[in-house]
Amino acid sequence: MKIRKAELLVSCPRASFFPESSRPEVAFLGRSNVGKSSLLNALVQRKQLAHTSSTPGKTRMIHFFEVEGDAGECTLVDLPGYGWARVSRSERNSWQHLVEGYLEKRSQLCKAILLQDIRRDLSEDEMLLLDWLAEREIDALLVFTKADKLKNMQRKKRVAVLRAQLGERKVTNIVTSSEKRQGLDEVWRSIRECTEEWKRATASALE
């Protein structure tokens, strides 16, 4: 995937700030410090488009990134992390309201990509989120991050464990490493398929 343009469009603390857009959007979500910013930077081949931090909970707004490349035009959306970020309950509740409002009401959304650290078990948070997306018929992709942190056999065992934890949930999953650029082409392929389908459906609705 050759990237011609990748830039921050806007950062939104509230839904009223969401930009008007005719481009398909792909949302990235996951536990705090799971590697969302690192994956976004790796996908668009930029070092600091999305700011990375070792401090959980750094992303407190929804960030919209406009991307143009061989696969066409789309917007990648970085949603606030959830989980063990050291913030107040009221702030976590406001994040949840913002994120769920985006996912439920954003007509441009064509896919939600849930990131999961390959070294960690899927928690109730991830299971509930996958079920929540499925109930609303939001196409989901599960991406296992930080694969480079494990040796090959360990990595295979962890993938098998995580897939078993999904149970009967039919969710496509991809193993990635932002450091080694592993799995990025597969992620882009999934993004391209959903954005093209969204564009066809949008064009058909306008006829």
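Residues numbered from 1 in each chain as written. Predicted model: local features only at pLDDT ≥ 70, side-chain atom pairs only at ≥ 80, totals over all residues. Heavy atoms only, no water.

S.K.: I'd love a proper account of the overall build of the protein, names of residues and values included.
M.R.: A count of helical and extended segments in the protein gives five helices and seven strands. What you see in the protein, going N to C, is helices and strands ordered as β-β-α-β-β-α-β-α-β-α-β-α. Relative to the compact-globule value of 17 Å for 207 residues, the protein shows a C-alpha radius of gyration of 16 Å, a close match. Seen along its three principal axes, the alpha-carbon backbone of the protein occupies a region of about 50 × 40 × 35 Å. A buried classification covers 49% of the 207 residues belonging to the protein. (Helix = DSSP H or I, 4+ residues; strand = E, 2+ residues; numbered from the N terminus. Rg over C-alpha atoms; globule rule 2.2 N^0.38 Å. Buried < 20%, exposed > 50% of the residue type's maximum accessible area, 1.4 Å probe, protein only.)

S.K.: Could you give me a rundown of the nonpolar core, with the residues and numbers involved?
M.R.: Core analysis: the largest hydrophobic core is formed by 34 residues, its most contacted members being I62, L79, Y102, L103 and L133. Looking at this core, the elements with two or more residues in it are β2 (25-30), β3 (62-69), α2 (89-105), β5 (109-117), α3 (124-135), β6 (140-145) and α4 (152-165). Here the element with the most residues in this core is α3; it accounts for five residues. Leave out the neighbours within four places in its chain, and L103 touches A27, L29, L79, L109, W132, L133 and I138. (Core = buried A, V, L, I, M, F, W, Y, C linked by side-chain atoms within 4.5 Å. Contact = heavy atoms within 4.5 Å.)

S.K.: Just give me the short version of helix α5 (residues 184-206), but keep the residues and values in it.
M.R.: Taking 1.5 Å per residue as the helical rise, α5 with its 23 residues ought to reach 33 Å, and the 33 Å between its terminal C-alpha atoms agrees with that figure. Buried residues of α5: L184, V187, W188, S190, I191, C194, T195 and W198, and no others. (Expected span 1.5 Å × (residues − 1).)

S.K.: Tell me about the sheet that holds strand β1 (residues 3-12), residues and numbers included.
M.R.: Strand pairing in a sheet relies on backbone hydrogen bonds, with the paired strands running either antiparallel or parallel. Across the sheet, which stays open at both edges, the seven strands sit in the order β1-β3-β4-β2-β5-β6-β7 with mixed pairing between neighbours. The strands lining the two open edges of the sheet, one partner per strand, are β1 and β7 (172-175). Taken pair by pair, the neighbouring strands of this sheet meet at an average axis angle of 25 degrees, ignoring direction. α3 rests against β2, β5 and β6 of the sheet, and its axis sits at about 165 degrees to β5. Where α4 meets the sheet, its contacts fall on β5, β6 and β7, and the angle it forms with β7 comes to roughly 160 degrees. (Pairing = 2+ DSSP bridges. Axes fitted to C-alpha atoms, helices over the stretch in contact; angles between N-to-C directions.)

S.K.: Tell me what's going on with the pairing of β2, and back it up with residues and numbers.
M.R.: The element β2 is extensively covered by neighbouring structure, given that six of its six residues are classed as buried. Because side chains alternate across β2, one face comprises the buried residues E25, A27 and L29, and the other comprises V26, F28 and G30, equally buried.

S.K.: Can you explain unusual backbone geometry? Please cite residues and give values.
M.R.: One non-glycine residue, E137, lies in the positive phi region at around 55 degrees. Position of E137 relative to the elements: it lies in the loop between α3 and β6. In this model, R181 sits at a positive phi of 60 degrees, which is unusual for a non-glycine residue. Considering the arrangement of structural elements, one finds R181 in the loop between β7 and α5.

S.K.: Tell me what's going on with the pairing of β6, and back it up with residues and numbers.
M.R.: With six of six residues buried, β6 lies mostly within the body of the structure. In β6, alternate side chains face the same way, and those of A140, L142 and F144 on one face and L141, V143 and T145 on the other are all buried. Alignment of β5 against β6, held across six bridges, turns out to be parallel. Within β6, the position partnered with Q116 by the bridge is F144. Regarding the hand of the β-α-β motif, the stretch spanning β5, α3 and β6 is right-handed. Here β6 pairs with β7 via four bridges, running parallel. Each bridged residue has a counterpart across the sheet, and for L141 the counterpart in β7 is T172. (Right-handed = clockwise from strand over helix to strand, strands pointing away.)

S.K.: Now, about the side chain of E25: what can you tell me, with residues and values included?
M.R.: Assignment of secondary structure puts E25 in strand β2. Residue classification places E25 among the buried residues on the basis of a relative accessible area of 0%. There is a polar contact of 2.8 Å between the side chain of E25 and the side chain of Y102. Within the structure, the side chain of E25 is placed 2.8 Å from the side chain of R106, a separation counted as a polar contact. Residues within four places of E25 in sequence aside, it is in contact with F64, T75, V77, Y102, R106, Q108, L109, C110 and K111. (Polar contact = N/O pair within 3.5 Å; in protein donor to acceptor, adjacent residues only side chain to side chain.)

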